[in-house]
Amino acid sequence: MLAPLYEFGNMSEFGMIIVALLVGFIFGYIVENVGFANAKNFTAAFYGNDWRVHKVIFSTVIITMILLYFSFYLGFLDISMLYVPQLKLKPIIIGGAVLGAGLVIGGYCPGTAVVASMTRKMDAWFYILGYFIGVWLYAEFYPIFSHLMVSKNRGNLTLSELFKLPYGYLAFIIIVYAIVTFFVLSKIEGKIYKSKVL
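All figures in this text were calculated on a predicted structure; none of them were measured in a lab.

K.L.:
Looking at this model, I keep getting lost on the overall build of the protein. Mind explaining?
P.N.:
When helices and strands are counted, the protein shows nine helices and zero strands. When its helices and strands are written in sequence order, the protein yields α-α-α-α-α-α-α-α-α. Principal-axis analysis of the C-alpha atoms gives the protein an extent of 60 × 45 × 35 Å. By the burial criterion, 21% of the 198 residues in the protein qualify as buried. Nonlocal contacts in the protein, meaning residues at least 24 apart in sequence, comprise 64% of its contacts between residues at least 6 apart.

K.L.:
It is not clear to me how the nonpolar core should be interpreted in this structure. Could you clarify?
P.N.:
In summary, soluble globular proteins display a tendency toward joint burial of nonpolar side chains. Counting 15 residues, the largest nonpolar core has Phe36, Phe42, Val53, Tyr108, Ala113 and Ala116 as its most contacted members. When sequence neighbours within four positions are dropped, the list of residues in contact with Phe36 reads Val31, Phe42, Arg52, Val53, Val56, Ile57, Tyr108 and Thr112. Residues Phe58, Ala171, Ile174 and Ala178 belong to the second largest nonpolar core, which totals seven residues.

K.L.:
Help me understand the packing of aromatic side chains in this model?
P.N.:
Two aromatic rings are characterised by how far apart their centres lie and by the angle between their planes. For the coordinates displayed, the defined rule picks out eight aromatic pairs. Taken together, a centroid distance of 5.8 Å and an interplanar angle of 70° make the contact between Tyr108 and Tyr127 edge-to-face. Of this pair, Tyr108 sits in the loop between α4 (89-106) and α5 (110-117) while Tyr127 is found in helix α6 (residues 122-140), placing the two residues 19 residues apart along the sequence. Comparing Tyr108 with Tyr127, the two get one shared label, buried. For the pair Tyr138 and Tyr142, a centre-to-centre distance of 5.6 Å together with 75° between the ring planes defines the contact as edge-to-face. The exposure class of Tyr138 is partly exposed, given its relative accessible area of 35%. Residue Tyr142 is classed as partly exposed on the basis of its relative accessible area, which comes to 37%.

K.L.:
How should the confidence of the model for the protein be read in this particular structure?
P.N.:
Should pLDDT be low for a region, the predicted coordinates there are not to be read in detail. With 94% of its residues at a pLDDT of 70 or more, the protein has an overall mean of 83. Least confident of the elements in the protein is helix α2 (residues 39-44), whose mean pLDDT is 82; most confident is α6, at 91.

Rules of the game
- Residues numbered from 1 in each chain as written.
- Predicted model: local features only at pLDDT ≥ 70, side-chain atom pairs only at ≥ 80, totals over all residues.
- Heavy atoms only, no water.
- Helix = DSSP H or I, 4+ residues; strand = E, 2+ residues; numbered from the N terminus.
- Buried < 20%, exposed > 50% of the residue type's maximum accessible area, 1.4 Å probe, protein only.
- Contact = heavy atoms within 4.5 Å.
- Core = buried A, V, L, I, M, F, W, Y, C linked by side-chain atoms within 4.5 Å.
- Phe/Tyr/Trp six-rings, centres within 6.5 Å; stacked < 30°, edge-to-face > 60°.
- pLDDT = per-residue confidence, 0-100.

Laid out in structure tokens, this is it:
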């Protein structure tokens, strides 16, 4: 087994920092080139005018899943040592709703806002300011919101465990689902909601 590299001592903390910076630069480059640094492209997904957000994110998930599976299958990766967060439904649902509202209103997620700010987009800077204000308000009034974070701990549940399927079968099903989804999205793109130019 070679990976996770840090867990097996195959990479130092400094090496991990370098990798993190490199991944960050690559992420920013991709986000800018696929148009995620433009708020209009993000919000267009909610109106069915532009499905690039779904396609790119879904493609990323599929590629990562395939690489992880083959790394595990070929013996390079000890998949049991990967961090899987505990499943707590209530805070996930509430947090997802808040983040989703922010995406619709602002047109960015925190990561794409940072990328957009580097291209001198003022709306992204206001979005980042709102993000920090929101974090400060949450921390300041946490005793009021804390009950929303209390939820039953369902453990480190994965789709493979939930559906009782081997990783290979599950990966195949998700890949087929992705292909069908891409085909359907390409057919309905721009037809759900047509905005009128005044």
